[in-house]
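So the chains spell out like this:
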Amino acid sequence: MKLFDVVQNIEHTGGSEDWVRRIEYDSRKACPGDLFVCLPGGQRDGHDYAPQAYENGCRMFLCQKKLELPEDAVQVITPDTRAALAVISADFYDHPADRLHLIGITGTKGKTTTALLIAAVLNAAGKNCAYIGSNGVIINGKHTETVNTTPESRDLHHYFNLMTDASVRYAVLEVSSQALAHHRVDGIPFETVVFTNLSEDHIGPGEHPDFADYRDSKRRLFTSHRAKYAVYNADDPAAAYMLQGFHGKEISYGIRKEADYNAYNLAQYRTSTALGVEFDFFSGSRSEHVQLMSPGIFSVYNGLAAIAVCEIFGVSRDFAAGVLEKTPIQGRFEIVPGIPERTFIIDYAHNGLSLTSALMTLREYKPNRLICVFGSIGGRTKGRRRELAEAASALADYCIITSDNPDFEPPEDIVNEIASYMSADCDYECILDRREAIFRAVEMSQKEDIVLFAGKGHETFQLIYGKKEPFIEREIILEACREFSPRPL
């Protein structure tokens, strides 16, 4: 595709007849024949890395200002390279999103679980469905890791293109507030959009300046994509605001307020190694019973949303309920069956709000002891450390403070800071090595204990000094269980 054709639908000056082999925004990967897009960011500005792309042989640049590059560099100037990237990527891949039924999910909590439940039900019903979100990209069962919950627009259209080539017809996406604010999903024709809930998160340097910006960024999913259907949590106070300006069909779900899908008869269940929630729900003139492999009222909301969305695409609610009963979600209240009469749970809870919610939910199952293994990431969001310590101190019987992606910050500094916020009457210990912390938690567990491993969730690495070291918490827990199990597993 010629450069003039690539940029024809954006506001710009400059161009050439040169052939664009690929669109690239990472200067380390830019090569001859690539169009390097200079993306501004909170911590780094792609314009500063254009010389590196040039040294790699790249000669075409999309930028917001004139760059100091040799004369043979073709520079196309546009007011907003992030907004432009969304447009040129769709054009470059010939708009593959138009050939898919797209479902977009936003909200503070529940995006990952709801999205994966929807994908599981649609796939079980024979409606080939892909997934993009915190757990990576899944196309026909093939998994690819990603950096962001919602990838950059170039990557999204690349994945959409792979989906259409693989005969995928449906895709469900987690749509983050950052993705909406930074134009990653501009122009994507979502057919159905979903609102889970709203609370304060991702506010601070490099993220959103305040709650209003965070909230309004999420609202764009409902006002800027002309979706046919909006499925929303009727119990959340922000629902009415989020739907202002939406012109399609609204479908509600909830527990407390009257909704199109209403849950009742909520009950907990616990087996030798697992726990979950079951409920009935009423819609129209029929009711169905649902059992989920995860605990808590939030699991009920996630299940209702998944059933409502799948029924839009012709999947019966009884079929959906049958699939949900057998569908665990990796890294989201994921049960690791290791030692009988003990419950080991992996969850992505990595801030005060989510850890409080997780521990309060587990308290409802009346464990002998509730043990919490947690840490906090290095280098950013330092305010979470006090939140996490206060949540764990208040709700866990015993805590093990350990590492969680320390990156370039010394792990002992992070752990010691968290420990300084722990209440004096809370029993805890500090173990810097997370593997050792996991083994310690499994070893000390007793009958009817629940052990929550918080923070890592679905991740398959530990970020240490900028390098992703392999680390799969589920496998390490099972290894520890084999060592400390009272009888062979």
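Residues numbered from 1 in each chain as written. Predicted model: local features only at pLDDT ≥ 70, side-chain atom pairs only at ≥ 80, totals over all residues. Heavy atoms only, no water.

Q: Talk me through the overall build of the chain; I want residue IDs and the actual numbers.
A: A count of helical and extended segments in the chain gives 15 helices and 23 strands. Across its three principal directions, the C-alpha atoms of the chain cover 70 × 60 × 40 Å. Looking at the 489 residues of the chain, the share that counts as buried comes to 56%. When the accessible surface of the chain is totalled, it reaches about 20,700 Å², and 48% of it is carbon and sulfur. Between the averaged position of the 51 positive side-chain charges in the chain and that of its 68 negative side-chain charges there is a distance of 3 Å. (Helix = DSSP H or I, 4+ residues; strand = E, 2+ residues; numbered from the N terminus. Buried < 20%, exposed > 50% of the residue type's maximum accessible area, 1.4 Å probe, protein only. Areas by Shrake-Rupley, 256 points an atom, 1.4 Å probe, with all protein chains shown as cover. Lys, Arg positive; Asp, Glu negative; His and termini not counted. Charge placed at Lys NZ, Arg CZ, Asp CG, Glu CD.)

Q: Before we move on, could you go through the nonpolar core and cite the residues and values that matter?
A: By size, the foremost hydrophobic cluster in this structure holds 71 residues, and its most contacted members are Ile103, Ile118, Leu122, Val172, Leu355, Phe374 and Leu452. Per-element tally for this core: the top contributor is helix H9 (residues 297-312), with 9 residues. Residue contacts for Leu122: discarding those within four places in its chain leaves Ile103, Lys127, Cys129, Tyr170, Cys310, Phe313 and Val315. Judged by nonpolar contacts, the second largest core, of 35 residues, contains Ala97, Ile132, Tyr159 and Ala230. (Core = buried A, V, L, I, M, F, W, Y, C linked by side-chain atoms within 4.5 Å. Contact = heavy atoms within 4.5 Å.)

Q: Go over helix H12 (residues 384-395), please, and point to the residues and values.
A: Count 3.6 residues to each turn of an α-helix, and residues three or four apart come out pointing the same way. If you check H12, its first and last C-alpha atoms are 16 Å apart, about what 12 residues at 1.5 Å a residue would give, namely 16 Å. Those residues of H12 that sit buried are Arg384, Arg385, Leu388, Ala389, Ala391, Ala392, Ser393 and Leu395. Buried residues along H12 sit against helix H11 (352-363), strand E18 (370-374), strand E19 (398-401) and helix H13 (411-420). (Expected span 1.5 Å × (residues − 1).)

Q: Any chance you could break down the sheet that holds strand E12 (residues 249-254) for me, citing the residues and the numbers?
A: Spatially, E8-E7-E6-E9-E5-E10-E11-E12-E13-E14-E15 is the arrangement adopted by the 11 strands of the open sheet, whose pairing is mixed. Each end of this open sheet is capped by a strand with a single partner; those strands are strand E8 (142-144) and strand E15 (286-292). In this sheet, neighbouring strand axes are inclined to one another by 20° on average, regardless of whether the strands run parallel or antiparallel. Sheet strands touched by helix H5 (residues 153-165): strand E5 (101-106), strand E6 (129-133), strand E7 (136-139), E8 and strand E9 (170-174). Its angle to E6, the strand with the most contacts, is close to 165°. (Pairing = 2+ DSSP bridges. Axes fitted to C-alpha atoms, helices over the stretch in contact; angles between N-to-C directions.)

Q: Explain H13 to me, using residue names and the numbers behind them.
A: Taken as a whole, H13 has its buried residues at Ile414, Val415, Ile418 and Ala419. For H13, the angular spread of buried residues about the axis comes to 135°, placing them on one side. (Arc of directions from axis to C-beta.)

Q: Help me get a handle on the sheet that holds strand E1 (residues 22-24), residues and values and all.
A: Spatially, E1-E2-E3-E4 is the arrangement adopted by the 4 strands of the open sheet, whose pairing is parallel. Two strands in the sheet have a free side with no partner beyond their single neighbour: E1 and strand E4 (74-77). For this sheet the average axis-to-axis angle between neighbouring strands, irrespective of direction, equals 25°. Sheet analysis places E1 next to strand E2 (residues 34-37), joined by 3 bridges and oriented parallel. Bridging from a neighbouring strand, Ile23 pairs with Leu35 of E2. Of the strands in this sheet, E1, E2 and strand E3 (60-63) are in contact with helix H3 (residues 81-92), which crosses E1 at around 160°.

Q: Just give me the short version of unusual backbone geometry, but keep the residues and values in it.
A: In most cases, non-glycine residues show a negative phi, while peptide bonds are predominantly trans. Although it is not a glycine, Asp94 sits at a positive phi angle of roughly 65°. Of note, Asp94 is situated in the loop between H3 and E5.

Q: Summarise the pattern of salt bridges; cite the residues concerned and give the values.
A: All chains considered together, the criterion is met by 25 salt bridges. In this structure, Glu473 and Arg434 form a salt bridge, with 2.6 Å as the shortest nitrogen-oxygen distance. Highlighted residues: Glu473 in helix H15 (residues 473-484) and Arg434 in helix H14 (residues 434-444), separated in sequence by 39 residues. Here Glu473 matches Arg434 in class, with each residue buried. Several salt bridges converge on common partners, so that one network encompasses Arg21, Arg22, Glu24, Asp34, Arg154 and Asp155. (Salt bridge = Lys/Arg side-chain N within 4 Å of Asp/Glu carboxyl O.)

Q: Can you lay out the environment of Cys481 for me, pointing to particular residues and giving the numbers?
A: Along the polypeptide, Cys481 turns up in helix H15. For the pair Cys481 and Pro337, spaced 144 residues apart in sequence, the C-alpha to C-alpha distance is 9.0 Å.

Q: For the environment of Asn128, give the residues involved together with the corresponding values.
A: Mapped onto the fold, Asn128 is located in the loop between helix H4 (111-124) and E6. Taking the C-alpha atoms as reference, Asn128 lies 21 Å from Leu304; in sequence the two are 176 residues apart. The contact partners of Asn128, leaving out residues within four places of it in the chain, are Asn123, Asn140, Ala166, Ser167, Val168, Arg169 and Tyr170. In terms of polar contacts, Asn128 uses its side chain to reach the side chain of Asn140, at 2.8 Å. (Polar contact = N/O pair within 3.5 Å; in protein donor to acceptor, adjacent residues only side chain to side chain.)

Q: Account for the packing of aromatic side chains, naming residues and giving values.
A: Overall, the coordinates contain 11 aromatic pairs when judged by the stated rule. A centroid spacing of 5.3 Å and a plane angle of 40° characterise the contact between Phe298 and Phe333, whose relative ring orientation is tilted. On the criterion of sequence distance, the pair formed by Phe298 in helix H9 and Phe333 in the loop between helix H10 (317-324) and strand E16 (334-336) is long-range, its members being 35 residues apart. Here Phe298 falls in the partly exposed class, since its relative accessible area comes to 25%. (Phe/Tyr/Trp six-rings, centres within 6.5 Å; stacked < 30°, edge-to-face > 60°.)

Q: Break down the pairing of strand E13 (residues 261-270) for me, citing the residues and quoting the values.
A: Pairing of E12 with E13 involves 2 bridges; the strand directions are parallel. Paired with Tyr253 across the strands is Tyr261, a residue of E13. Summarising the sheet, E13 and strand E14 (residues 275-283) pair through 7 bridges and their orientation is antiparallel. Residue pairing across strands places Tyr269 opposite Gly276, the latter belonging to E14. Linking two consecutive strands that pair antiparallel, namely E13 and E14, is a turn of 4 residues.

Q: Give me the pairing of E12: which residues, what numbers.
A: The sheet contact formed by strand E11 (residues 229-233) and E12 spans 5 bridges and is parallel. Along E12, the bridge assignment pairs Tyr229 with Lys249.

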